[in-house]
Structure formats: C-alpha cells, structure tokens
Amino acid sequence: MSPKTLYDKIWDAHVAHEAEDGTCLLYIDRHLVHEVTSPQAFEGLRMAGRKVHAPDKTIAVPDHNVPTTLDRAKGIENEESRIQVEALDRNAKEFGVHYYPVDDIRQGIVHIVGPEQGWTLPGMTVVCGDSHTATHGAFGALAHGIGTSEVEHVLATQTLIQKKSKNMKVEITGKLKPGVTAKDVTLAVIGATGTAGGTGYVIEYCGEVIRNMSMEGRMTVCNMAIEGGARAGLIAPDETTFEYVKGRPHAPKGAQWEAALNWWKTLYTDEGAHFDKVVTLKGEDIEPVVTWGTSPEDVLPITGVVPNPEDFTGGKVEAARRSIEYMGLTPGQKLTDIEIDTVFIGSCTNGRIEDLRAVAEVVKGKKIKDGMRAMIVPGSGLVRAQAEEEGLAEIFEAAGFEWRLAGCSMCLAMNPDQLAPGERCAATSNRNFEGRQGYKGRTHLVSPAMAAAAALTGRLTDVRELI
Amino acid sequence: MEKFQKLHGIAAPMPLVNIDTDMIIPKVFLKSIQRTGFGKHLFDEMRYNRDGTEIEDFVLNKPQYRNAEILIAGDNFGCGSSREHAPWAIADFGIKCIVSTSFADIFFNNSFKNGILPIVLPQEQVDILMADAEKGANARMTVDLEAQEITTSDGVVITFDVDPFKKHCLLNGLDDIGLTMEKADAIKTFEEQASQARPWV
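Residues numbered from 1 in each chain as written. Chains lettered and ligands numbered in written order. Predicted model: local features only at pLDDT ≥ 70, side-chain atom pairs only at ≥ 80, totals over all residues. Heavy atoms only, no water.

*Asks:* Got a minute to help me understand the overall build of chain B in this structure?
*Replies:* If you tally the helices and strands in chain B, you get eight helices and seven strands. Seen through its principal axes, chain B has C-alpha atoms that stretch 60 × 40 × 25 Å. Residues classed as buried in chain B amount to 58% of the 201 residues present. Sequence separation of at least 24 residues holds for 64% of the intrachain contacts in chain B that already meet a minimum separation of 6. Once the 20 positive and 30 negative side-chain charges of chain B are each reduced to a mean point, those two points are 5 Å apart. (Helix = DSSP H or I, 4+ residues; strand = E, 2+ residues; numbered from the N terminus. Buried < 20%, exposed > 50% of the residue type's maximum accessible area, 1.4 Å probe, protein only. Contact = heavy atoms within 4.5 Å. Lys, Arg positive; Asp, Glu negative; His and termini not counted. Charge placed at Lys NZ, Arg CZ, Asp CG, Glu CD.)

*Asks:* Please explain the overall build of chain A as it appears in this structure.
*Replies:* For chain A, the count of helices and strands is 16 helices and 19 strands. In terms of overall dimensions, chain A has C-alpha extents of about 55 × 55 × 45 Å along its principal axes. Taking all 467 residues of chain A together, 66% fall into the buried category. Across chain A, contacts joining residues at least 24 apart in sequence account for 76% of those joining residues at least 6 apart. For chain A, the centre of its 49 positive side-chain charges and the centre of its 63 negative side-chain charges are spaced 1 Å apart.

*Asks:* Help me out: how do you make sense of the sheet that holds strand β10 (residues 201-206) of chain A in this one?
*Replies:* Sheet strands associate in pairs through backbone hydrogen bonding, adopting either a parallel or an antiparallel arrangement. Residues and elements named next belong to chain A. Taken together, the four strands give an open sheet; going across it, the order is β11-β10-β9-β12, and neighbouring strands pair in parallel fashion. Every other strand in the sheet has two partners, leaving β11 (232-234) and β12 (277-282) as the edge strands with one partner each. Neighbour-to-neighbour, the strand axes of this sheet turn through a mean angle of 20°, independent of strand direction. Looking at chain direction, strand β9 (residues 166-173) and β10 are connected through six bridges and run parallel. When the sheet's bridge partners are listed, Asn 167 is paired in β10 with Val 202. (Pairing = 2+ DSSP bridges. Axes fitted to C-alpha atoms, helices over the stretch in contact; angles between N-to-C directions.)

*Asks:* Explanation requested: the nonpolar core in the structure shown.
*Replies:* Most often, soluble globular proteins keep nonpolar side chains buried together rather than apart. If you look at the biggest cluster of nonpolar residues, it comprises 86 residues, and the most contacted ones within it are Phe43(B) and Phe77(B). In this view, Phe77(B) contacts Ile19(B), Ile24(B), Phe43(B), Leu71(B), Ile90(B), Ile98(B), Ser100(B), Ser102(B), Phe103(B), Ala104(B) and Phe107(B); residues no more than four positions away in its chain are not counted. (Core = buried A, V, L, I, M, F, W, Y, C linked by side-chain atoms within 4.5 Å.)

*Asks:* Even after reading the chapter, I still don't get the interface of chain B and chain A, so can you show me in this structure?
*Replies:* Think of interface size as the accessible area that goes away when the parts come together; that is how it is often given. The partner chain A presents 71 residues to the 51 residues of chain B that form the contact. A buried area of about 5200 Å², summed over both sides, lies between chain B and chain A, and 59% of it is on carbon and sulfur atoms. Viewed at the interface, chain A and chain B are joined by five salt bridges. Residues Arg436(A) and Asp22(B) are paired through a salt bridge, measuring 3.3 Å at the closest nitrogen-oxygen approach. Remark: the boundary between chain B and chain A carries 29 residue pairs in polar contact (both at pLDDT 80 or more). In terms of residue count, the dominant contributor to the side of chain B that touches chain A is helix α7 (residues 176-181) of chain B (five residues). Taken together, the residues of the side of chain B that touches chain A sort by class into 20 nonpolar, 14 polar and 17 charged. (Buried area = accessible area lost by both parts, 1.4 Å probe. Salt bridge = Lys/Arg side-chain N within 4 Å of Asp/Glu carboxyl O. Polar contact = N/O pair within 3.5 Å; in protein donor to acceptor, adjacent residues only side chain to side chain. Nonpolar A, V, L, I, M, F, W, Y, C, P; charged D, E, K, R; others polar.)

*Asks:* Quick question: what am I supposed to make of the pairing of strand β1 (residues 6-14) of chain B here?
*Replies:* Residue and element names in this part refer to chain B. Of all nine residues in β1, seven are buried, a share of seventy percent or more. As judged from the five bridges shared by β1 and strand β5 (residues 140-144), these two strands associate in the antiparallel manner. Each residue of the ladder has a partner; that of His 8, found in β5, is Thr 142. Pairing analysis gives four bridges linking β1 to strand β2 (residues 70-73), with the strands arranged parallel. Bridge pairing in β2 places Ala 12 opposite Leu 71.

*Asks:* For this particular structure, what's the right way to read the confidence of the model for chain B?
*Replies:* A low pLDDT means the predicted coordinates there should not be read in detail. Averaged over all residues, the pLDDT of chain B is 96; the fraction at 70 or higher stands at 100%. Interface predicted TM-score (ipTM) for the complex: 0.94; the corresponding pTM is 0.96. (pLDDT = per-residue confidence, 0-100.)

*Asks:* I would appreciate a short explanation of the pattern of salt bridges in the present structure.
*Replies:* Side chains bearing opposite charge may pair, as long as their charged atoms lie close to each other. Residue and element names in this part refer to chain A. Applying the stated criterion across every chain, the model contains 42 salt bridges over all chains. A salt bridge links Lys 74 to Glu 77, with the shortest nitrogen-to-oxygen separation between them at 3.9 Å. The exposure classification of Lys 74 matches that of Glu 77, with both residues exposed. With a closest N to O distance of 3.7 Å, Glu 86 and Arg 82 form a salt bridge. Of this pair, Glu 86 and Arg 82 are both found in helix α3 (residues 79-95), four residues apart, which corresponds to roughly one turn of the helix. Residue class for Glu 86 comes out partly exposed when judged on its relative accessible area of 37%. The class for Arg 82 is partly exposed, based on a relative accessible area of 31%. Connected via shared salt-bridge partners are Lys 177, Glu 287, Asp 462 and Arg 464.

*Asks:* Can you help me understand the environment of Trp200(B) in this one?
*Replies:* Residue and element names in this part refer to chain B. You can see Trp 200 is positioned in the segment after α8 (184-197). For Trp 200, a relative accessible area of 8% translates into the label buried. Separated by 165 residues in the primary sequence, Trp 200 and Arg 35 have C-alpha atoms spaced 37 Å apart.

*Asks:* Help me understand helix α3 (residues 85-93) of chain B in this model?
*Replies:* Note that an α-helix has 3.6 residues per turn; residues three or four places apart therefore point the same way. Of all nine residues in α3(B), seven are buried, a share of seventy percent or more. Regarding α3(B), the residues found buried are His85(B), Ala86(B), Pro87(B), Trp88(B), Ala89(B), Ile90(B) and Phe93(B). Contact partners of the buried residues in α3(B): α2 (39-48) and α5 (148-157) of chain A together with α1 (21-24), α2 (44-47), β3 (97-100) and α4 (105-112) of chain B.

*Asks:* Help me understand the sheet that holds strand β17 (residues 402-403) of chain A in this model?
*Replies:* All names here are of chain A. In spatial order, the strands read β17-β16-β15-β18-β19; together these five strands make up an open sheet with parallel pairing. A strand with exactly one partner marks an edge of an open sheet, and here the two such strands are β17 and β19 (442-445). On top of the sheet, helix α16 (residues 448-457) reaches β15 (342-345) and β18 (424-427); it is set at about 155° to β15, its chief contact.

Here is the structure:
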C-alpha cells in the first residue's frame, strides 16, 4: 500500500460516496453551529420539511452576538443581535441538537467549547459555518469552515460535497526562543507563505516546535490556517493530545477509550508520503511578531520598521499603500514607537487558559498604562472559572484590565465591544482587516504576552524586555 | 438556485488584492436572519460615507459601472470569513461572475451555491480583462459557461476551467441537497460501517 499523509487517512475514512469525477460525499462526524451563519440554514430545512439528519452530532452555541459585560443576564440590547440569538435558541430546541445557551457556564466561543467538552476528537471530520473551524485540526481532526448553504446541506444529510485538496507540509524545526509563542509561529508561517499560499491545500504542521507545543498552542496554530488560505490545518495526535482529551465529558470512556486510542495512534503521516508543497521554518529564526497592515500576511518582527510600499511587487504595492494609510503609519517608523489605545485579549485564537496564564505572567503586580482601555475576554465560561480559581482574574483586575464574560467580543465586533474610528488596538485575535474590530478601527495582531506588554507600556512592545 | 448559462454584460475593474469578506459585507450587516436584501450593503465601507452618501470614486458608484454584472478582481478575492452573506450581497447587487487569479476556498464554494460563477485565470489573462473592463460601460464582455469562454469587447476569446460537477449544477440551477438525498442509501451504508469501526463517534 502506498504511504499516506494524515490528511489522506482521515479523508479515506470518511468518503461515503465517490463519483467518477472525484466529487465525494464526505461524512461529517461533528457539526458545530453558531447563531450568525445558521438561521437561514434552519429556515431552509423548515421550508423543505426536512429534519436534522444527526442531531446527536450537532452542537450549537451562541457566541458572536453575545455581550461580554457582567450585566448580560439582563438581555441583549441590540434588537437584531437578540433576534439572532433567540433564533438559535428556538432552532436548537425545535431540531433537537445539543445546545449551550447564553446562561450556561459551558457557553463560550464555539471553537473553544467543542474541544473543552470533548466533542472534538482525533480522526474526526468537523465542520462549522465559521472559517476558524480550522482550530480543531490541532487534534488531528479534519476541520474546516463552510458557508450557510453547506450548513444546511450538512444538517440535512450529515455529508458535504467535496473534492480532495492537495497536501502541504509546514515543518517548524528546532526550538523557540524565550518570549516566542504559538501565535508568533502561526503569524510567521503566514508571513512566509502569504494569505493565498495555502489556497487549495490542507496543511499538516509538524516538526519539533509543534511536538513540544501544548494543545492550547496547537489550537492557536491551526486556528489561523485559514488566514494562510488553507482549507484546513492538521497536527498528528500524540500523547499530548490523548492526555488533553481523556476524561472530557464527551470523550469515549472504558473499552471505547481503548478502541479509540488504538485507531488514533495510527493517525500520522507515513514515511515517504507525498506532499505537494513543503515549507520549513527554523524555530530559532522566529521572533515575537506584530502585524503592521490590514492583511494577516503583513507580519514583521517587533524589532522591525513599517515597510515602504515600493518594497513590494505587483498588486501588493497598492495594497500596502492603502494599508499604511488606513493604519495611520509612516514607512520607516519603528514598530515599537506605535502607540496603542486599546488592548483586546481573547478570541478563538487566544482565549484559552494558557493564553491567560501568559498574560498574568507579564502583568502580575503591575499596572496598565493610564488611560488604556484593556479587556480580557475568556473563551468560555469554564475558562473564566478556571482563571478565577487560579487567581489570574485577581491579577488582571489589580492591573486595571476589564475581566469579561465569554464570547467572540471585539474579535469581530458584532456585539457591543468595538473600536471607534481611528482607535488603535493590540489584539490577540486573528484578523486585522479594515473595519474588522469596528468602523475605521486599527488592529495590530499579536500574541497574548505581547498584548499584555503593550497594555503596560501603551505602545507596541517587545515582551522580551519585560520578562 | 438561478441558472447561469451565458452572460453579456458590463465588467467592473477592482484590481485591489486580498479583497476580504469584511470589505464585501461588513459584520454589522450579518445580523439578518434572511438571505436577501444584502446588495445595498455590498462593499459598504468602501462605497458609502458614514452619512450614507456615496463615495464618488468607488468603482461601483461610477455611472458606467453601476449596472456591472461581472467583477474583474485582484488576487485572493473573498479571503476571510465563511459568511455566505458575501456572495448573497454580490448576487443581490446583480453581479453574477467574478474573475481573479485566485479565490479564497470557502468563498469560491459559496459562490457556486448562489448562482455566481467564479473564474480563475492566469495573471496575463486577468490583465487583458482588467484593461477591457477599464474601458467602461460600452465595453461589454460575454461569459459563456457551456463553452467555457470569455469574449472581450474587442473579440479576444479566453477559455477557462471549471469543475464539471459545479458547471452542471450552475447550468441547470440544481439544488445540492436534493442531489445528495438521492444517495441516501450510500450514506446509510456508510453510517452502519462507521458505527462498527468507530463506535465512539
């Protein structure tokens, strides 16, 4: 038998039907649902008189529109947001899918809740009407975002019409230097490949740096595979994965656990398997990074300067000019001279417990800069509870951070957490697009430790100076 | 779904690279629970001032492009989120075909589900179409899906590739779910085998 990649193995285990032209029906093991991309899909089912094919494999949670202030029990003020969340409440009940409503402590960002509850397991196919579904690839699950028509298709048939992508290997060798985190790794990869570099591929991340990473770090890396254009990112499961999964509410137990483990241990890329594209980065070469522009590929080490548009070629010259103007920067300006108004720590990229611990390490016993607006939004109610138990919340509040309830918050500003025009934010989220965090808002993507450093000094800062 | 067969219309040039889904339809408009009515918000932040007046030099506000049905765009069109509101807004505006050197994967798939034909061409050919689009409203191009050909206003013919299954669905306006449900037996068989092999799922 010819050697297979991890992607080949998971793909082969899920093809329910293959047409002559290679178009497949891929069976979906877990379908995650949130309130923004699902109402039209449920409505479509209703109008066609269709049911959800596998409600026990469908998990819904509201996250995008949910307010994160402590008074959210009083309800959602914005009428459209409220209607969207209420539609999910109703649809979850009517169609009988698993549901974590706003007032459930397990509620949170869908990509944090899925792994936390043990819904996401190695070797699965996972989809969600959300591009950051790539996160679940950290478990060696084939996970990707889909549109609303596809959400309806999966609800109705538990399958997706797909053609196989190409295989790409991203290897990160060696070790990371102090102060360099999973977020820096994933941004550095996008900086190297570009936002379209992964288009048409499923990426497998591997190498010593990935092996040494926690599950939280691996989720951060895979989360941004979509920002590199890839359909999905994958990491082969290992002892770190099994340790994380074991004992979670929906993880297999007893004899089933042993059977699952036996299969999961076969989920790796065989020696000699073919990759269509290979990218290698040395861990030692990766610095703490920030984005200067309005595309996640606009990445530079914090020690760098704002580039000159003329340094680029082709369509990127005009795009860089537009970005620099939008961001209110000057070519040649030192990145560490950029002053920050707001710090946002949270999102499906960096809203997990390890991220919060990294922030606490930097800010413990210190105060954020006067006038700085800084918020920490845990990825789920359970992350929040754990941070309180570990004493992190006290550190944050003593330093001057707002300590919020779980949700997508300012990552995309569909809820009350938004930037004002011209407001500049160091954010641990995943997109620095124009207007992403609020109309004319300016976003610099960074790691949690770097965001914490910026909160203390009031400008983009090399966290290594503070640790 | 509406059929796409042959289109003869105005093409608008948008050479900017990395046009993302937040540009196409900002998140403030994602709160609707309907599929319709997004066209007036297409490219909202590029198209309108905050007071609702139009930004004159935005391409779709120029008189010659207000009725564009084709978009010739820079690399990596549609990158970003999975929001199908992006193709809903594009279709609702009246654009039925987009040409670029590359598209983001999810956007590309979403387009086909909404009667929009995304066409990938090499840079040199996109350049030819971009130049043709820049001529304005008198320069109409023809996109023939059956023949897989684009004809510029001055008669240059460019052929393109399209996935045969997606082509079939677009030409006939077919609903994916109905087609998949015809394979219910295969899905059932798969489920029986999978629940034996991986009962923990």
